[in-house]
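What the coordinates show
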Protein chains: 2
Amino acid sequence: MLPVNKNRVEELIGGLAKFGKTEAGITRLAYTSTDKAAQMWLLKQIEYLNLEVREDVLGNLFLRRPGLDPNIPPVACGSHLDTVIHGGAYDGMCGVVGALEALHMLTDETLRRSIEVIVFRAEESSRFGFATIGSKLITGKAKPEKFANACRKDDITFKEAVKEWGGNLDAYEKALLKPGAYKCFAEMHIEQGKVLEETGNQIGIVHNIAAPTRFKLHITGMADHSGATPMGFRKDALVSASKLVLAVETAAINEKDNGTVGTVGIVEVDPGSINVVPGKVTLWVDVRGVNTESIQRTLKEIRQAVQGTARTDGVEIKEEMLTSDTPVALDEKLATQSEAICTEQKKSFLHMNSGAGHDAMHMPAICPTTMLFIPCKGGISHNPEEFAKTKDICAGIEVLAEILKREAQ
Amino acid sequence: MLPVNKNRVEELIGGLAKFGKTEAGITRLAYTSTDKAAQMWLLKQIEYLNLEVREDVLGNLFLRRPGLDPNIPPVACGSHLDTVIHGGAYDGMCGVVGALEALHMLTDETLRRSIEVIVFRAEESSRFGFATIGSKLITGKAKPEKFANACRKDDITFKEAVKEWGGNLDAYEKALLKPGAYKCFAEMHIEQGKVLEETGNQIGIVHNIAAPTRFKLHITGMADHSGATPMGFRKDALVSASKLVLAVETAAINEKDNGTVGTVGIVEVDPGSINVVPGKVTLWVDVRGVNTESIQRTLKEIRQAVQGTARTDGVEIKEEMLTSDTPVALDEKLATQSEAICTEQKKSFLHMNSGAGHDAMHMPAICPTTMLFIPCKGGISHNPEEFAKTKDICAGIEVLAEILKREAQ
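Under an unreviewed UniProt entry, chain A has the name N-carbamoyl-L-amino-acid hydrolase and belongs to Succiniclasticum ruminis.

Remarks on the pairing of strand S3 (residues 52-55) of chain B
Residue and element names in this part refer to chain B. Bridging between S3 and strand S4 (residues 61-65) involves 4 bridges; their strand directions are antiparallel. Within S4, the position partnered with valine 53 by the bridge is leucine 63. Two successive antiparallel strands, S3 and S4, enclose a turn made up of 5 residues, where glycine 59 displays a positive phi of approximately 95 degrees.

Description of the relation of the copies chain B and chain A
Of the two same-sequence chains, chain B is brought onto chain A (RMSD 0.1 Å, axial shift 0.1 Å) by a rotation of 180 degrees. In symmetry terms, the pair is related by a two-fold rotation axis. In terms of proximity to the rotation axis, the leading residue of chain B is serine 242 of chain B, whose C-alpha is 2.2 Å off the axis. Take the interface residues of chain B: 98% of them recur as interface residues in chain A, which is what a same-surface contact looks like.

Observations concerning the sheet that holds strand S11 (residues 261-270) of chain A
Residues and elements named next belong to chain A. Taken in spatial order, the 4 strands of this open sheet run S11-S13-S9-S14, and their pairing is antiparallel. Two strands close off the open sheet at either side, each with one partner strand: S11 and strand S14 (316-324). Going from strand to strand, the sheet's axes swing by 20 degrees on average, the running direction of each strand aside. In the sheet, S11 pairs with strand S13 (residues 280-289) via 9 bridges, with the strands oriented antiparallel. Its bridge partner lying in S13, aspartate 270 is registered against lysine 280. Packing of helix H7 (residues 237-254) onto the sheet brings it into contact with strand S9 (211-220), S11, S13 and S14, and relative to S13 it is tilted by some 5 degrees.

Looking at the layout of surface pockets
In this structure, the largest pocket spans a volume of roughly 1,500 Å³. Taken together, 39 residues form the lining of the largest pocket, with Arg152, Lys153 and Asp154 of chain A together with Lys153 and Asp154 of chain B sitting closest to its centre. Looking at the lining of the largest pocket, the elements with two or more residues in it are S9, S11 and S13 of chain A together with strand S11 (261-270) of chain B. A breakdown of the residues in the lining of the largest pocket according to their chemical character gives 14 nonpolar, 10 polar and 15 charged.

Some remarks on the pattern of salt bridges
A side chain of one charge can pair with a side chain of the opposite charge when the charged atoms of the two come close. All names here are of chain A. Taken as a whole, this structure holds 35 salt bridges over all chains when the rule is applied. Across the salt bridge formed by arginine 64 and glutamate 116, the nearest N and O atoms sit 2.9 Å from each other. Of this pair, arginine 64 sits in strand S4 (residues 61-65) while glutamate 116 sits in strand S6 (residues 115-120), and the two are 52 residues apart along the sequence. The partly exposed category is assigned to arginine 64, whose relative accessible area is 23%. On the basis of relative accessible area, glutamate 116 is assigned to the buried category, the value being 4%. One salt bridge in this structure joins lysine 347 and glutamate 398, with 2.8 Å as the shortest N-O distance.

Examining the UniProt feature "binding site: Zn(2+) 1" (unreviewed entry) in chain A
Residues and elements named next belong to chain A. Per the UniProt entry, the sites bearing "binding site: Zn(2+) 1" (unreviewed entry) are His80, Asp91 and His189 in this numbering. Despite a sequence span of 110 residues, these residues sit close together in the fold, their greatest C-alpha distance being 9.8 Å. On the accessibility criterion, aspartate 91 (5% relative accessible area) is buried. Leaving out residues up to four positions away in the same chain, aspartate 91 has contacts with His80, Asp82, Glu124, His189, Ile190, Gln192, His382 and Glu386. On the secondary structure map, histidine 189 appears in strand S7 (residues 184-190). A relative accessible area of 1% means that histidine 189 is categorised as buried. Setting aside anything within four residues of it in sequence, one finds histidine 189 in contact with Ser79, His80, Asp91, Gly92, His358, Met371, Leu372, Phe373 and Ile374.

Focus on the UniProt feature "binding site: allantoate" (unreviewed entry) in chain A
Residue and element names in this part refer to chain A. Within this numbering scheme, the UniProt entry marks Arg214, Asn275 and Arg288 as carrying the feature "binding site: allantoate" (unreviewed entry). What stands out for the annotated residues spanning 75 residues is how far apart their C-alpha atoms range, the widest pair being 36.7 Å apart. Inspection of the secondary structure puts arginine 214 in strand S9. With a relative accessible area of 3%, arginine 214 lands in the buried category. Within the local environment of arginine 214, its side chain forms a polar contact with the side chain of aspartate 286, the two groups lying 2.7 Å apart. Owing to a relative accessible area of 3%, asparagine 275 belongs among the buried residues under this scheme.

Some words on the interface of chain B and chain A
Contacts between the two partners involve 66 residues from chain B and, on the opposite side, 65 residues from chain A. Carbon and sulfur atoms make up 62% of the surface buried where chain B meets chain A, a total of about 5,200 Å² over both sides. On the chain B side of the contact with chain A, His225, Met231 and Ile274 of chain B bury the most area, a combined 16% of that side's loss. The interface formed by chain B and chain A holds 0 salt bridges in total. Run the count over chain B and chain A and you get 20 residue pairs in polar contact (both at pLDDT 80 or more). Counting residues per element, the ones that place at least two in the side of chain B that touches chain A are strand S10 (224-225), helix H8 (237-254), S11, strand S12 (276-277) and strand S13 (280-289) of chain B.

Side note on unusual backbone geometry
Residues and elements named next belong to chain A. Across the junction of aspartate 270 and proline 271, the peptide omega takes the value 5 degrees, indicating a cis bond. In this structure, proline 271 sits in the loop between S11 and strand S12 (276-277). The backbone phi angle of alanine 122 is positive, close to 55 degrees, even though this residue is not glycine. One can find alanine 122 in the loop between S6 and helix H4 (133-138). Even without glycine at this site, glutamine 192 takes up a positive phi of about 65 degrees.

Remarks on the packing of helix H1 (residues 6-16) of chain A against helix H10 (residues 390-408) of chain A
Helices that pack against each other are described as a pair by the angle of their axes relative to one another and the distance between those axes. Residues and elements named next belong to chain A. Put simply, H1 and H10 touch, their axes get as near as 10 Å, and they point 110 degrees apart. It follows that H1 is roughly perpendicular to H10 by the angle criterion. Listed contacts from H10 to Lys6, Val9, Glu10 and Ile13 of H1 are Thr390, Lys391, Ile393, Cys394 and Ile397. Across the contact of H1 with H10, the residue classes tally to 5 nonpolar, 1 polar and 3 charged.

Here's the deal with the domain arrangement of chain A
Residue and element names in this part refer to chain A. The assigned domain composition of chain A is domain 1 (6-210 + 327-408) and domain 2 (211-324). Computed from C-alpha coordinates alone, the two centres of domain 1 and domain 2 are separated by 33 Å. Listed by partner, the interface residues are 17 residues for domain 1 and 13 residues for domain 2. Both faces combined, the contact of domain 1 with domain 2 buries some 1,100 Å², and carbon together with sulfur accounts for 58% of it. For domain 1, the biggest contributors to the area lost against domain 2 are Arg152, Ala210 and Pro327; these three give 39% of the whole. Put simply, domain 1 and domain 2 have 0 salt bridges between them. In this assembly, domain 1 and domain 2 are joined by 2 residue pairs in polar contact (both at pLDDT 80 or more). Taken together, the elements giving at least two residues each to the side of domain 1 that touches domain 2 come down to strand S8 (203-209) and strand S16 (349-354). Class assignment for the residues of the side of domain 1 that touches domain 2 results in 7 nonpolar, 7 polar and 3 charged.

Some words on the environment of valine 399 of chain A
Residues and elements named next belong to chain A. Inspection of the secondary structure assignment puts valine 399 in helix H10. Relative accessible area serves as the criterion here: at 0%, valine 399 is assigned to the buried category. C-alpha separation for the pair valine 399 and threonine 229, spaced 170 residues apart in sequence, amounts to 65 Å. Excluding residues that lie within four positions of it along the chain, valine 399 makes contacts with Ile203, Ile341, Cys342, Gln345, Lys347 and Leu372.

Overview of H8 of chain B
All names here are of chain B. Its 18 residues place the ends of H8 26 Å apart at the C-alpha level, agreeing with the 26 Å of an ideal helix rising 1.5 Å per residue. With respect to burial, H8 is a largely interior element, 14 of its 18 residues being buried. Of the residues that open H8, the one with a side-chain oxygen 2.8 Å from the backbone nitrogen of leucine 238 is aspartate 236.

Rules behind the numbers
Residues numbered from 1 in each chain as written. Chains lettered and ligands numbered in written order. Predicted model: local features only at pLDDT ≥ 70, side-chain atom pairs only at ≥ 80, totals over all residues. Heavy atoms only, no water. Pairing = 2+ DSSP bridges. Helix = DSSP H or I, 4+ residues; strand = E, 2+ residues; numbered from the N terminus. Least-squares fit on C-alpha atoms with pLDDT ≥ 70 in both. Contact = heavy atoms within 4.5 Å. Axes fitted to C-alpha atoms, helices over the stretch in contact; angles between N-to-C directions. 1 Å grid on protein atoms, 1.4 Å probe; cavity = no way out; pocket = protein on both sides within 12 Å on 5 of 7 lines; lining within 4 Å. Points joined across faces, edges and corners; volume = space filled by probe spheres on them. Nonpolar A, V, L, I, M, F, W, Y, C, P; charged D, E, K, R; others polar. Salt bridge = Lys/Arg side-chain N within 4 Å of Asp/Glu carboxyl O. Buried < 20%, exposed > 50% of the residue type's maximum accessible area, 1.4 Å probe, protein only. UniProt positions renumbered as here; feature names shortened; annotations may be inferred. Polar contact = N/O pair within 3.5 Å; in protein donor to acceptor, adjacent residues only side chain to side chain. Buried area = accessible area lost by both parts, 1.4 Å probe. Parallel < 35°, antiparallel > 145°, perpendicular 65-115°, else oblique. Domains from an automatic or database assignment. Expected span 1.5 Å × (residues − 1).

Right, dumping it as structure tokens:
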């Protein structure tokens, strides 16, 4: 196997980081022209790998290194190129660049199976309010109707975005992958937490992926003049919403020991004028964990607060469920293999769970799946401060390349 | 004096309501093409009045009915045509249409003084975050530097908007009105509260106008991945902001008996993604009252909550003052005259204060000023449900016309 090339890894990650870069961080939302430009640039850079390029009707990209036997399921790896609003340069990109560099390391290896690097589209939920859309659709974990009309204020819908990209959501069945389509799938990713850094480990071997439950709370009060409406005569939707933001926080803190977390990431205030008592507020809530019972207790506590606030404040509150996933267990055999590889390569490792969702959480529907975490500075991600050391990325690539080699033999 | 024409009043108010009308209400922000179109339409409708039309460099409109003696200060009246986002058809418009109809009623009267109807630009703060900009500038109550760069997200600045309108903010001194420029000023307006309706009175004679204190609170926490950041490791700016929304509410409720009110009308969340713990939040706060000491106590309590929250949550909170006005006393002689007119016309009336700000609050800087309130349904304003009965509007116009006649004689 060829050695990992640190310079190339840095160049590819640094080059991708220029697409969507602003002072406030990198904003490269899925299916935008910035997303497209980044992908085009990357394809240009890796022409030397001579990969077969295929894009499905949803915009997911497949880069294939042909194996000796084209008739048996390939080994797959990969991640995503889109970012959140004001995000960083490593979340997703390490997994894509790492997979491509792993293929380069395997240049001189003769392997029976093909290897495919998958660039999943729309992993982040920042544009459409749903995460891992590309991987969810191609694994049959969701139907396109679920996302077709999803959009943020003043933006086009998911269906329109797929069309603008050059795809066709109506033809999504062409993109469906059958169980057994791949021998296995491996995704390398920054941890997005600080456990590896604080424990001084190089590799995290992931066993479970936390499930996000996401819903909107629509609070309807009464819009009134902010100067002429006495305090006792108001139904201020933002006051009720603020109680619910704090209720989400409290409910999650009560389940802290089980690793469950709860966040309100988006607040939409209508009409949103300084001289109008807010009449309507929408909160976007995200609850996650690896323990199903703990997640349920958290949701129950939030719903009790919703009912209590509606009653006390005389406002109407409606829940709109967006996503309700169950925690996912990854392949134990592949995890054991990763442990053996780490030991052989003398790399420190930790068995752990993923608090964040990943494209890898849907792949068990079609093939055995594993994930490798690498440390990131301060556990920070989805933020311009997001950072992973090149030597940590390269350590992960060395483990990934060995996984691909063993599985493709 | 000619009788008030109910049909024309309804036609003019109904016609203006078409400009900016959507299902969610009327949105006719100041200086927009919609604002311009509404004004052009209105000018066309009132050609029969043969008024002299003048616009100052800020876009304020002056419609003059010449008097016998052009060398003495005219009598002025008027209001505004802009609305909040998702507003109604009466706030501002009743005062403009009412003044024009009052001029019609005076058609056959021979009056010594000219009468001017003023359409002030940018009374609502919805577009630039500052209220009563036009009247504040021409009365010398504020310098243009204060507003020049004001803008909402994704919009042009105030200075650019003035230019787009056809004005020139740099030449604002040309628009300045000297003390004594008018004999007096009268503004008719919907109450925007429910006191007249609930007490069954036709006319509110206003003695004081509440002063708005407006400021932003910038809360800076730490943006992090919402799935991978345990509850104990967060600095969620939205959680801290929610505590402050409730603190504003509590502080104002504590001063309820003094009529002080407090509102958070705008919340800006950065980055505003469902999978990112909010790193920065900006709250726009509005506190008002007619009792200066009560306003000060409310602000003090809010600031104590700001300090406490910053300390407890480990976040940084900065206050940015936007407006800090003092309550305004209107002219008592004019109020006494209004009482006499109401009594003569057999109209029920109430002496009261205004919780909302109005262009009339700046006019005492140049001339004696009075305000008339008329009832509006449920006290609702700044809302599509905003409504005033034609007979109530016409009752107000009858009083206004008599004020103009007596003052212009």
